[in-house]
Amino acid sequence: MKQVFIRRGNITVENVPAPMIEDGHILVEVSYSLISSGTEISAIESSGKSLIKRALEQPDRVMKLIDYLQRHGIQKTVSKVMGQMINAAPIGYSCSGIVIQVGRGVTDIQPGDRVACAGTGIANHAEIVLVPKNLAVKVPEGCTLKDAASVALGAIAMQGLRRSDPRLGEIVAVIGLGLLGQLTIQLLKASGCRVVGWDLDFRRVTLAREAGADYAFNPSEVDIKNEILHLTDNYGVDASIITAASDSDAIVQRAMEIT
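Here the structure is a predicted model, which is why all the values come from computation and not from measurement. (Residues numbered from 1 in each chain as written. Predicted model: local features only at pLDDT ≥ 70, side-chain atom pairs only at ≥ 80, totals over all residues. Heavy atoms only, no water.)

Looking at the environment of Ala116
Next, step 1: One can find Ala116 in strand E6 (residues 114–118).
Next, step 2: When the C-alpha positions of Ala116 and Ser33 are compared, they lie 9.8 Å apart, and in sequence the two are 83 residues distant.
Next, step 3: When residues no more than four places from it in sequence are discounted, the contact partners of Ala116 are Cys95, Ser96, Leu135, Ala136, Val137, Val139, Ala148 and Val151. (Helix = DSSP H or I, 4+ residues; strand = E, 2+ residues; numbered from the N terminus. Contact = heavy atoms within 4.5 Å.)

Okay, structure coming up:
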């Protein structure tokens, strides 16, 4: 079967053996696989960086490597690092398709069922995927497989709301108006909240207004902190949900200032 991989900063499509069924899992013939542009561009850029640069950016992984070195010695450690650098990494984490086989212990899903699947390294960009039963769900009638392929993004947006615990009538800021931000806005509006969003992309700001945001701004045009204080009678928002990525801590700092 064909599967998409990242190898040293490049995207490749390779022929690999199809996965075999396992207990508690299902085999799914993929119909649609969602491209998460922000996540995948980040993964491509990271895989193309030198080992030293990656180490500087991820000191926690360096500590794990040191621990591995102490337990297994230098030869095994070097072999492990070189293997990770050479090996291609699968990408994709949200897809939909038709079940072709179920493993022992799976009773609520049958071959022929339409399912949506989630999970990094599981719901890959591939022709066939092996998915644990707890990371797959039947697609309801009226929902197309194309729409169902975005299941992971919907779940992430919903989890953001649950963690922030917004209440009816509260004002919530959404920082970053990409796909996750747009979904978050719609869920907040369905929950009876007022929403303030911002992004550096003018198109996303316009889309957020169309999606129901009460206020949406581009921070290059306005002072976000002053706007928030003005809209909330100097109280600040009740919660902030960050749906943006950045190499700087400025986004988190701003969220603290307005909340």
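Description of helix H7 (residues 179–190)
Next, step 1: Given a rise of 1.5 Å per residue, 12 residues ought to cover 16 Å, and the 17 Å separating the end C-alpha atoms of H7 matches this to within 8%.
Next, step 2: Taken as a whole, H7 has its buried residues at Gly181, Gln182, Thr184, Ile185 and Leu188. Axial view of H7: buried residues confined to an arc of 160°, hence all on one face.
Next, step 3: Where H7 is buried, its residues contact helix H6 (151–164), strand E9 (171–175), strand E10 (194–198), helix H8 (202–211) and strand E12 (239–242).
Next, step 4: A positive phi of about 85° marks Gly192, the residue just after H7. (Expected span 1.5 Å × (residues − 1). Buried < 20%, exposed > 50% of the residue type's maximum accessible area, 1.4 Å probe, protein only. Arc of directions from axis to C-beta.)

A look at the packing of helix H9 (residues 224–231) against helix H10 (residues 250–258)
Packed helix pairs are characterised by how far apart their axes lie and by the angle those axes make with each other.
Next, step 1: Contact geometry for H9 and H10: axes closest at 10 Å, N-to-C directions at 25°. When the interaxial angle is binned, H9 and H10 end up roughly parallel. Note on packing geometry: the crossing formed by H9 with H10 is right-handed. Within the contact between the two elements, H9 uses Ile224, Lys225 and Ile228 and H10 uses Arg254, Glu257 and Ile258.
Next, step 2: Residues of the contact of H9 with H10, tallied by class, amount to three nonpolar, no polar and three charged. (Axes fitted to C-alpha atoms, helices over the stretch in contact; angles between N-to-C directions. Parallel < 35°, antiparallel > 145°, perpendicular 65-115°, else oblique. Left-handed = near helix turned anticlockwise from the far one by under 90°. Nonpolar A, V, L, I, M, F, W, Y, C, P; charged D, E, K, R; others polar.)

Remarks on the sheet that holds strand E4 (residues 89–90)
Next, step 1: Read from one edge of the open sheet, three strands run E2-E1-E4, paired in antiparallel fashion. Across the chains shown, the open sheet's two edge strands, defined by having one partner strand only, are strand E2 (10–15) and E4.
Next, step 2: One ladder, built from six bridges, connects strand E1 (residues 2–7) with E2; its direction is antiparallel. Looking at E2, one finds that Ile6 is bridged to Ile11. (Pairing = 2+ DSSP bridges.)

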